[in-house]
Amino acid sequence: MKVTVFSGSHKGREGNTLIMVEEFLKGAEEAGAETENIILFEKKIRYCTGKFECWLKTPGECIIRDDMDDLRARFMASDIVVFAFPVYFDNVPSVMKVFIDRLLPLLLPHFEEDEQGKYRHSKRYEKYPKFVVISNAGLPGQTNFEVVSLYFKRLARTFHTELIAEIYRGEGEIFRGQKNIMLKPLIGKYKKLLRSAGKEIVETQTVSEKTIKDMEKPIVPPSLYIKFGNEEWDRLRSEYQK
C-alpha cells in the first residue's frame, strides 16, 4: 500500500503540521505501508488559469509546465492520499488550494448525476486514491474544522472516492512546548494516538471511533491554553515593539 501525504503548510518543515504527519506515517510504516511526505511549499506550483485547456486542448494534461506534472502522477499512484495542513482563516492555506485546483485534469469535463441526486464531473480514471485529512488549528476546540471537514467531504465526492478519516487537532500551538517538562508527556501521549491512527488506516482503511475520540480530547484545558497563549502573544508583541 502506498500512502502519500501532501503537506500544505507555508512553514514547510518547521510547522506543527509536520509533527502530526511524521507520527501518523510512523504508524503507517509499522503496518507495512510505503509512505511519502511531499512538502508543497518546496514545489513550484503555478495558479490554475481557469481556461479549461486541460479538458479541451490537451485532454488530461495541464498546459502549465511545473512540478504539478510529477505531483499529479504521485497522487494517482497512491492508494491513500493525506491532505495535511494548518487551518488559515477557517479554511485550507493558499498553497494547498492551488495544489487542489491543479488536480482538475484528473477529471473529465462532462457532467453527471450521482446516486444521491447531486452533480459532479465524470471520472477520467477507473479508480482514485482514498482521502485522509490531517489538520491543526491554533485555537482550541473542534469547531475550527467545520469548513474544512465539509470541503473535503465534497472533494472526495468530486473525485469519486471516499474520505476515510479526519484527524483534527485544536490547540495546535501546544506542539511548540514539546520540551516543556509538564507538556512533554501529554504531547507524547497524543503522538502515540497519531501512530495508532496511521496503523489503523493501513490495516482497516479507517480510524476507530475510540482513537478519534481520544485524539479530539483537549491536551490541556482550553482555559489554560488560552491564558498562556495570550500571555505569549503579549510577550512577542513587546519584543517586536522594542
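The name an unreviewed UniProt entry gives the protein is Iron-sulfur flavoprotein, with Methanosarcina siciliae T4/M as the organism. Recorded in UniProt for the protein, the comment headed Sequence similarities (unreviewed entry) runs: "Belongs to the SsuE family. Isf subfamily."

Novice: Looking at this structure, how should I read the UniProt feature "domain: NADPH-dependent FMN reductase-like" (unreviewed entry) in the protein?
Specialist: This chain's UniProt record puts "domain: NADPH-dependent FMN reductase-like" (unreviewed entry) on residues 1-103. In the segment residues 1-103, helix accounts for 35% and strand for 18%; the C-alpha atoms at its two ends are 22 Å apart.

Novice: Can you help me understand the pattern of salt bridges in this one?
Specialist: Pairing between side chains becomes possible if they bear opposite charge and their charged atoms approach one another. Under the definition given, this model contains 23 salt bridges. Here Lys153 ties to Glu166 by a salt bridge, and the two come within 2.9 Å at their closest N and O atoms. Of this pair, Lys153 sits in helix α5 (residues 146-158) while Glu166 sits in strand β7 (residues 163-169), placing them 13 residues apart in sequence. Lys153 gets classed as partly exposed once you look at its relative accessible area, which sits at 43%. For Glu231, the salt bridge is made with Lys227, and the minimal N-O distance between the two is 2.9 Å. Taken as a pair, Glu231 and Lys227 lie in helix α8 (residues 222-240) at a separation of 4 residues, close to a single helical turn. Take Glu231: its relative accessible area is 39%, and that puts it in the partly exposed class. Classification of Lys227 as partly exposed rests on a relative accessible area of 43%. Counted as one network, the salt bridges with shared partners bring together Lys2, Glu34, Glu36, Asp70 and Arg74.

Novice: So what exactly am I meant to see when it comes to the side chain of Glu23 here?
Specialist: Tracing the backbone shows Glu23 in helix α1 (residues 16-30). Since its relative accessible area comes to 5%, Glu23 is described here as buried. Ignoring anything within four residues of it in the chain, the contact list for Glu23 reads Lys191, Leu194 and Arg195.

Novice: Please clarify how the packing of α1 against helix α6 (residues 184-204) should be interpreted in this entry.
Specialist: Axes are the key here: two packed helices are described by the angle between their axes and the distance separating the axes. For the pair α1 and α6, interaxial distance at closest approach is 6 Å and the crossing angle is 45°. Here α6 runs oblique to α1, going by the angle between their axes. Remark: the crossing between α1 and α6 carries right-handed chirality. Contact residues: α1 offers Ile19, Met20, Glu23, Phe24, Lys26, Gly27, Ala28 and Glu30, while α6 offers Tyr190, Lys191, Leu194, Arg195, Ala197, Gly198, Lys199, Ile201 and Val202. For the contact of α1 with α6, the per-class residue count stands at 9 nonpolar, 2 polar and 6 charged.

Novice: Sorry if this is basic, but what is going on with empty space enclosed by the protein here?
Specialist: A water-sized probe rolled over the atoms picks out the places where empty space is left. One pass over the structure, following the stated rule, counts 3 cavities of 30 Å³ or more. The volume enclosed by the largest cavity comes to roughly 140 Å³. Around the largest cavity, the lining comprises 14 residues; the ones closest to its centre are Cys48, Thr49, Glu53, Cys54 and Cys62. Class assignment for the residues of the lining of the largest cavity results in 8 nonpolar, 2 polar and 4 charged. By volume, the second largest cavity amounts to about 40 Å³.

Novice: Even after reading the chapter, I still don't get the packing of aromatic side chains, so can you show me in this structure?
Specialist: Each aromatic ring pair is specified by the distance between its two centres and by the angle formed by the two planes. Applying the stated criterion across every chain, the model contains 14 aromatic pairs. On the basis of an interplanar angle of 55° and a centroid distance of 5.9 Å, the ring pair of Phe75 and Phe159 is categorised as tilted. Separated by 84 residues along the polypeptide, Phe75 in helix α3 (residues 68-76) and Phe159 in the loop between α5 and β7 bring together distant segments of the chain. As far as the burial class goes, Phe75 and Phe159 line up, both buried. In this structure, Arg169 packs its charged tip against the face of Tyr190, placed 4.9 Å from the ring centre. Seen from the ring of Phe228, Lys227 lies directly overhead, with NZ or CZ sitting 4.6 Å from the centre.

Novice: Looking at this structure, how should I read the layout of surface pockets?
Specialist: Approximately 1,200 Å³ is the volume found for the largest pocket. In terms of lining, the largest pocket is formed by 34 residues, of which the most central are Gly138, Glu173, Ile174, Tyr225 and Gly229. Per-class residue counts for the lining of the largest pocket are 18 nonpolar, 11 polar and 5 charged. In this model, the second largest pocket occupies a volume close to 180 Å³. As for the second largest pocket, its lining consists of Arg169, Leu186, Lys189, Tyr190, Leu193, Asp214, Lys217, Pro218 and Ile219. When residues of the lining of the second largest pocket are assigned to their parent elements, the largest contribution, 4 residues, is made by α6. Grouping the amino acids of the lining of the second largest pocket by side-chain chemistry returns 5 nonpolar, no polar and 4 charged.

Reading guide: rules and limits
- Residues numbered from 1 in each chain as written.
- Predicted model: local features only at pLDDT ≥ 70, side-chain atom pairs only at ≥ 80, totals over all residues.
- Heavy atoms only, no water.
- UniProt positions renumbered as here; feature names shortened; annotations may be inferred.
- Helix = DSSP H or I, 4+ residues; strand = E, 2+ residues; numbered from the N terminus.
- Salt bridge = Lys/Arg side-chain N within 4 Å of Asp/Glu carboxyl O.
- Buried < 20%, exposed > 50% of the residue type's maximum accessible area, 1.4 Å probe, protein only.
- Contact = heavy atoms within 4.5 Å.
- Axes fitted to C-alpha atoms, helices over the stretch in contact; angles between N-to-C directions.
- Parallel < 35°, antiparallel > 145°, perpendicular 65-115°, else oblique.
- Left-handed = near helix turned anticlockwise from the far one by under 90°.
- Nonpolar A, V, L, I, M, F, W, Y, C, P; charged D, E, K, R; others polar.
- 1 Å grid on protein atoms, 1.4 Å probe; cavity = no way out; pocket = protein on both sides within 12 Å on 5 of 7 lines; lining within 4 Å.
- Points joined across faces, edges and corners; volume = space filled by probe spheres on them.
- Phe/Tyr/Trp six-rings, centres within 6.5 Å; stacked < 30°, edge-to-face > 60°.
- Lys NZ or Arg CZ within 6 Å of the ring centre and 35° of its normal.

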